[in-house]
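For reference, the chains in residue letters:
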Amino acid sequence: MTSRTEPEVNVNEVSRVSAGTTIKGEIYSPSDIRIDGSFEGRIYSRCKVVVGEKAVITGDIICSNVDFWGKIKGDFYVKDTLSLKGTCTVEGDLHIRRLQVELDAKFNGNCRMITPEEFDTLTGKVAE
């Protein structure tokens, strides 16, 4: 039996939009972001974006990895892996390297698999 260790994350290095919070604009973060509220605009992160079940996003997400449980009307630009969870609803296009989709996830849009180099070209390296 192999034990897998998860990297330690300092909670003070995770940007968070809590449930009940509404933000409009752009978020730029060099670290992980967790969204549980409502957000309208663009989200840029060098790291991972986690979107909770009750989160509602109108706009684009540009980052390295995403775990997505909520609702979005917008596009994803993901350098590595997008994981669509069973409770999610996505209306928009995916520009991703890898895709993981759970049963019952809802997706309406186009999906294009890209290389890390294409990610840099499409996003202008904003997530770097």
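Residues numbered from 1 in each chain as written. Predicted model: local features only at pLDDT ≥ 70, side-chain atom pairs only at ≥ 80, totals over all residues. Heavy atoms only, no water.

**Brief notes about helix 1 (residues 116-123)**
Every buried residue belonging to helix 1 is among Phe119, Asp120 and Thr123, and all of these are buried. Down the axis of helix 1, the buried side of the element spans an arc of 100°, and every buried residue falls inside it. Projecting away from the buried face of helix 1 at angles above 90 degrees are the exposed residues Glu117 and Thr121. For helix 1, the secondary structure elements touched by its buried residues are strand 6 (56-68) and strand 8 (76-84). A positive phi of about 65° marks Gly124, the residue just after helix 1. (Buried < 20%, exposed > 50% of the residue type's maximum accessible area, 1.4 Å probe, protein only. Helix = DSSP H or I, 4+ residues; strand = E, 2+ residues; numbered from the N terminus. Arc of directions from axis to C-beta. Contact = heavy atoms within 4.5 Å.)

**Details of the side chain of His95**
For His95, the location among the structural elements is in strand 10 (residues 94-101). Those residues in contact with His95, other than ones at most four positions away along the chain, are Phe76, Tyr77, Val78, Arg112, Ile114 and Leu122.

**With respect to the pattern of salt bridges**
On inspection of all chains with the given rule, the structure shows nine salt bridges. Between Asp80 and Arg97 there is a salt bridge whose closest N-O contact spans 3.4 Å. Of the two residues, Asp80 is situated in strand 8 and Arg97 in strand 10; the sequence distance between them amounts to 17 residues. Between Glu118 and Arg112 there is a salt bridge whose closest N-O contact spans 2.8 Å. The exposure class assigned to Arg112 is partly exposed, which follows from its relative accessible area of 40%. (Salt bridge = Lys/Arg side-chain N within 4 Å of Asp/Glu carboxyl O.)

**Quick look at the pairing of strand 10**
Pairing analysis gives seven bridges linking strand 8 to strand 10, with the strands arranged parallel. Note that in strand 10 the partner of Thr81 across the bridge is Arg98. Taken together, the three bridges between strand 10 and strand 12 (residues 111-113) define a ladder with parallel strand orientation. Of the residues in strand 12, the one forming a bridge with Leu94 is Cys111. (Pairing = 2+ DSSP bridges.)

**Some details on the packing of aromatic side chains**
Summed over all chains, the structure comprises two aromatic pairs. With 4.5 Å between their ring centres and 5° between their planes, Tyr28 and Tyr44 make a pair best called stacked. Highlighted residues: Tyr28 in strand 2 (residues 22-29) and Tyr44 in strand 4 (residues 38-45), separated in sequence by 16 residues. Residue classification places Tyr28 among the exposed positions, given a relative accessible area of 52%. Among the residues examined, Tyr44 registers a relative accessible area of 6% and is labelled buried. (Phe/Tyr/Trp six-rings, centres within 6.5 Å; stacked < 30°, edge-to-face > 60°.)

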